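Examination of the molecular architecture
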Amino acid sequence: MIRKEVSQFAHKPGITDAFMRSIRQDRLKVPPRGSADADWICWHSGLPYLPLNMDIPWHMIQQEAKAAVGAMIAQPITSYDSRGWTNLGIYSRGAEDPGDYHGPVLGTNDWTDLAQELLPNTVKYFQESWPHEEFYKIRLLGLEPGGVIGLHTDDCHGLDNINIAIDHPVGCEFGVEGGGIVPFENGRAFMINVGRRHAVVNPTPHLRLHITIYQKHDAHMRQLIEQSYEKLCATG
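Residues numbered from 1 in each chain as written. Predicted model: local features only at pLDDT ≥ 70, side-chain atom pairs only at ≥ 80, totals over all residues. Heavy atoms only, no water.

Let's shift gears to the overall build of the chain. Of regular secondary structure, the chain possesses six helices and twelve strands. Residues counted as buried form 53% of the 236 residues belonging to the chain. A sequence separation of at least 24 residues applies to 81% of the contacts in the chain between residues at least 6 apart. When the accessible surface of the chain is totalled, it reaches about 10500 Å², and 49% of it is carbon and sulfur. (Helix = DSSP H or I, 4+ residues; strand = E, 2+ residues; numbered from the N terminus. Buried < 20%, exposed > 50% of the residue type's maximum accessible area, 1.4 Å probe, protein only. Contact = heavy atoms within 4.5 Å. Areas by Shrake-Rupley, 256 points an atom, 1.4 Å probe, with all protein chains shown as cover.)

Next up, the structure:
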């Protein structure tokens, strides 16, 4: 379920840089195996993130996303140290949805007109091919060269968020407490526990583009989660 973002770290200057330095050597620790059920994996495993074992047509999405960059708006979350963070609502209250997550989520969002105009094949992919029962919110998020998404937590628990790298520059880092740097590269999708402290820094000269999804899972996604967990356990 989507919940509002929480920013209790704004009063600590430099905490994002300090956090990123402190976790760069951390590695994902796979917890002792419990149930292989998707609910246990998402809500009780304690994983900071889970790589999803799936193929995504990221070249197509990237082409459309790059063409839509001019329509993205500045992310209006200024209560923690963030800069260069931009947003375009795909399945949302509107293309300029600030993404604050307040209020009911089911039945209040829809495919935005701007996304259907600028990202038609991306929208079609999520409508017809992406495993889901119902979407809560989908957004295209940008982080400009030199940009920072400051250290914060979201008011949720477990693997509540799916994050897909559409154009992820080498050197851009997404750090999450207990997991270190999430090993993003173009086309890779991760479920992330954004209830843990996390931050993103983009010291590169290139724009970072990701898609984030909140959704209700169908049987196909639940199976994918379980298969992805099994692969993670097998490979460490």
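Moving on to helix H5 (residues 120–128). Among all positions in H5, only Thr122, Val123, Tyr125 and Phe126 are buried. Projection of H5 onto a plane perpendicular to its axis shows the buried side chains occupying an angular sector of 160°, all on one side. (Arc of directions from axis to C-beta.)

Before going further, it helps to spend a moment on the layout of surface pockets. As a volume, the largest pocket reaches approximately 210 Å³. Contributing to the lining of the largest pocket are 15 residues, with Trp43, Tyr136, Gln215, Lys216 and His217 lying nearest its centre. Considering every element that reaches the lining of the largest pocket, the biggest residue donor is helix H2 (residues 38–43), with four residues. Residues of the lining of the largest pocket, tallied by class, amount to eight nonpolar, three polar and four charged. Put simply, the second largest pocket is a space of about 160 Å³. (1 Å grid on protein atoms, 1.4 Å probe; cavity = no way out; pocket = protein on both sides within 12 Å on 5 of 7 lines; lining within 4 Å. Points joined across faces, edges and corners; volume = space filled by probe spheres on them. Nonpolar A, V, L, I, M, F, W, Y, C, P; charged D, E, K, R; others polar.)

Turning to the pairing of strand S12 (residues 208–216), a few remarks are in order. Of all nine residues making up S12, eight are buried, and the element is well covered by its neighbours. Of the strand pairs in this sheet, strand S6 (residues 134–154) and S12 are connected by nine bridges, and their pairing is antiparallel. Among the inter-strand pairings, glycine 142 is bridged to a residue of S12, identified as leucine 209. Inspection of the sheet shows strand S7 (residues 161–167) paired to S12 by five bridges, in the antiparallel sense. Residue pairing in the sheet places isoleucine 162 in a bridge with isoleucine 213 of S12. (Pairing = 2+ DSSP bridges.)

Let us now look at the packing of aromatic side chains. Under the definition given, this model contains eleven aromatic pairs. For the ring pair phenylalanine 184 and phenylalanine 190, a centre distance of 4.9 Å and an interplane angle of 75° mean the geometry is edge-to-face. Each of the two residues, phenylalanine 184 as well as phenylalanine 190, counts as buried. Taken together, the ring pairs connect Tyr91, Trp111, Tyr125, Phe126, Trp130 and Phe135 into an aromatic cluster. (Phe/Tyr/Trp six-rings, centres within 6.5 Å; stacked < 30°, edge-to-face > 60°.)

It is worth spelling out the nonpolar core at this point. Residues Leu50, Ile90, Phe126 and Trp130 are the most contacted members of the largest nonpolar core, which totals 59 residues. Ranked by residues supplied to this core, first place goes to S6 with seven residues. Setting aside residues up to four positions removed in sequence, isoleucine 90 forms contacts with Asp110, Trp111, Thr112, Ala115, Leu119, Val123, Ile138, Arg139, Leu140 and Ile211. Listed in part, the eight residues of the second largest apolar core include Met20, Ile23, Leu151 and Val201. (Core = buried A, V, L, I, M, F, W, Y, C linked by side-chain atoms within 4.5 Å.)

With that out of the way, let us pick up the environment of valine 194. Assignment of secondary structure puts valine 194 in the loop between strand S10 (189–192) and strand S11 (198–201). A residue is classified by how much of its surface remains accessible, and valine 194, at 5% relative accessible area, is buried.

Enumeration over the complete set of coordinates arrives at six salt bridges. Among the salt bridges present, the one from arginine 222 reaches aspartate 37, with a minimum N-O distance of 3.3 Å. One end of the pair, arginine 222, is in helix H6 (residues 219–235); the other, aspartate 37, is in the loop between helix H1 (15–23) and H2, with 185 residues separating them in the sequence. Since its relative accessible area comes to 25%, arginine 222 is described here as partly exposed. With relative accessibility at 30%, the residue aspartate 37 sits in the partly exposed group. Note that lysine 216 and glutamate 133 form a salt bridge whose closest N and O atoms lie 3.3 Å from each other. Pair noted here: lysine 216 is in strand S12 and glutamate 133 is in the loop between H5 and S6, with a separation of 83 residues, a long-range link. Using a relative accessible area of 48% as the deciding quantity, one classes glutamate 133 as partly exposed. (Salt bridge = Lys/Arg side-chain N within 4 Å of Asp/Glu carboxyl O.)

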